[in-house]
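Fold and contact review
As a plain string of letters, each chain reads:
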Amino acid sequence: MMRYSRFVLTPVALSVILTLGARELSGQARIISLAATSPADLGLVVTSGAVQTLAGVTDNAVNNFPSPVVIQTTWSVNPGQTNTVNLVAYFAVPAQALVGLTTQIPSSRILGRMTTGIPTTFSAVTQNGIGGAGTAGGSLRLYSVVVNGGNKNSSRTDNLDLQLDLVGFPALPAGVYAGVLNLRVITQ
Amino acid sequence: MHPVFKNALIGTAALLLVTSSSAVAQIGLTSNVATVALTATKSPTLTVSANVATATLASITDNSNANNFTPVSLTTAWNLTAGSSVSLIGWFATPAQALANGTDLIPSSKVEGRVNAAGFSPFTSAAVGGVGVAGGSLQFFSQSVSAGSYFGSRNDQLDLRLNLAGTTTMAGDYTGTLNLQAVVQ
């Protein structure tokens, strides 16, 4: 025990001497803190399926859009400052997800599924927005990834399947119904 | 406070301030917005349906027009994007043989029809809008449609009879097929 104390005390004593010595030499010490921040980055690209055309809508039935929407997401974030990376799909006006000449189809009739994400079964686009992304009652969280040191710089590719559910919906007047589904990534 | 410690404290505080600012900036960070264009098309439709597949006349009376078949209820439905009228036409493929009993024939001119208790007319008209057969057709109705009525339907009762005034038929069962078809013009 005595030998250990001697080893511990010796560097402390030296430190005091060195500090005092420096003071005697320069009078003042300046400490400059250096901080360089690499900005976080989120990227989102629809690599295929950005145009979905459903040629023959059937009333009172579930209609499948023809092909998946392939979404590639990339991110570079600080795991100490970001908990999750989230992908959100949403319609700007939930009551008018698809607009026809006289009839509008609400977002509750548009179903989305991402088997690699959160809605692994078809779910209506009726959730609220997440953070600053999405609209109240017209959104659907597609995935949420917990950020850690291992995936702070990462990417993923997912397929989004879409359906138009007209079961129980009044028969649609003939015509074209068009709308835009927005996709956005947000950190939380 | 020792100047060294004081400067160290100031530096640390500054570093914490910078770090905390970055933390706030990375929560709620959003990407660009990607879009998916959705288009769904509901095709125009035009349908005719009858409540029964067979209309019968149990016993023919010669030299009389009191030969009424059992009535038929018709539903005509349309869901359109264009056009000015919906018409319903009844027609026999071979007017000279509207009903047949072997070689004994009743022409379409002896078969009469009406909807909704209007006057009876024989099936002797021309085709309408490409629907029907020349000399073997009868238009039951023609209803105007426009943008406000492109999506609609109507129900009609179709009455059919044999007008055998001046005609004597051979005994037996006479059968035939009346075609019903709607057309948009």
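We now turn to the structure provided with this report. (Residues numbered from 1 in each chain as written. Chains lettered and ligands numbered in written order. Predicted model: local features only at pLDDT ≥ 70, side-chain atom pairs only at ≥ 80, totals over all residues.)

1. A word on the overall build of chain A
Stated precisely, the cut-off is as follows: Numbered from the N terminus, helices here are DSSP runs of H or I no shorter than four residues, and strands are runs of E no shorter than two. Counting other C-beta atoms within 10 Å of a residue's C-beta gives its exposure: the residue is buried at 20 or more, exposed at 12 or fewer, and partly exposed in between, where C-beta atoms are placed from the backbone.
Scanning chain A from terminus to terminus reveals 1 helix and 12 strands. Going from N to C terminus, chain A has its helices and strands arranged as α-β-β-β-β-β-β-β-β-β-β-β-β. Relative to its full complement of 188 residues, chain A shows a buried share of 30%.

2. So, the interface of chain A and chain B
What counts, and what does not: Note on contacts: each residue gets a C-beta atom placed from the backbone, and two residues are in contact if those atoms are within 7 Å. Put simply, Ala, Val, Leu, Ile, Met, Phe, Trp, Tyr, Cys and Pro go in the nonpolar bin, Asp, Glu, Lys and Arg in the charged bin, and everything else, Gly too, in the polar bin. In short, DSSP must find at least two bridges between two strands for them to pair.
Chain A puts 48 residues into the contact, and the matching count from chain B is 35 residues. A per-class count over the side of chain A that touches chain B returns 29 nonpolar, 17 polar and 2 charged. Note: strand β2 (residues 51-54) of chain A against strand β1 (residues 30-42) of chain B, 4 bridges, orientation parallel. Bridge pairing in β1 of chain B places Q52 of chain A opposite L38 of chain B.

3. Focus: the sheet that holds strand β5 (residues 85-91) of chain B
Paired through backbone hydrogen bonds, the strands of a sheet run either parallel or antiparallel to each other. All names here are of chain B. This is how it is decided: Note on method: axes are straight lines fitted to C-alpha atoms, helices fitted across the in-contact stretch only, with angles between N-to-C directions ranging 0 to 180 degrees.
The strand order across the open sheet built from 3 strands is β10-β5-β12, with neighbouring strands paired in antiparallel fashion. Two strands lie at the open edges of the sheet, namely β10 (137-144) and β12 (179-184), each paired on one side alone. Each strand axis lies, on average, 15 degrees off the axis of its neighbour in the sheet, ignoring direction. Here 7 bridges tie β5 to β10, and the two strands are oriented antiparallel to one another. Bridging from a neighbouring strand, S85 pairs with S144 of β10.

4. Regarding the pairing of strand β8 (residues 110-113) of chain A
For β8 of chain A and strand β11 (residues 153-165) of chain A, the ladder comprises 4 bridges, and the chain directions are antiparallel. Each residue of the ladder has a partner; that of L111 of chain A, found in β11 of chain A, is Q163 of chain A.

5. Describing the nonpolar core
The following threshold applies: Residues enter a nonpolar core if they are buried, belong to Ala, Val, Leu, Ile, Met, Phe, Trp, Tyr or Cys, and are joined to the set through C-beta atoms within 7 Å.
Formed by 41 residues in total, the largest nonpolar core has its most connected members in V88, A89, L142, L160 and L183 of chain A together with A40 of chain B. Those elements giving two or more residues to this core turn out to be β4 (69-76), β5 (84-90), β8, β10 (139-146), β11 and β12 (175-187) of chain A together with β1 of chain B. Non-local contacts of A40 of chain B, meaning those with residues more than four positions away in its chain, are made with L54, V57, L98, L164 and Y177 of chain A. Grouped together as the second largest cluster of nonpolar side chains are 26 residues, L74, V86, L88 and L162 of chain B included.

6. Brief notes about the environment of A98 of chain B
Residue and element names in this part refer to chain B. Tracing the sequence through the fold places A98 in the loop between β5 and β6 (99-101). For the pair A98 and K110, spaced 12 residues apart in the sequence, the C-alpha separation amounts to 8.5 Å. Once residues lying within four places of it in the same chain are set aside, the contact partners of A98 are F92, I106, P107, S108, V111, F123 and G176.

7. Looking at unusual backbone geometry
Residues and elements named next belong to chain B. The backbone phi angle of N63 is positive, close to 55 degrees, even though this residue is not glycine. When you line up the elements, N63 lands in the loop between β2 (45-50) and β3 (67-68). Phi is positive for N116, which is not a glycine, with a value near 55 degrees. In this fold, N116 is placed in the loop between β8 (111-115) and β9 (121-122). By the C-beta count within 10 Å, which is 12 here, N116 ends up exposed.

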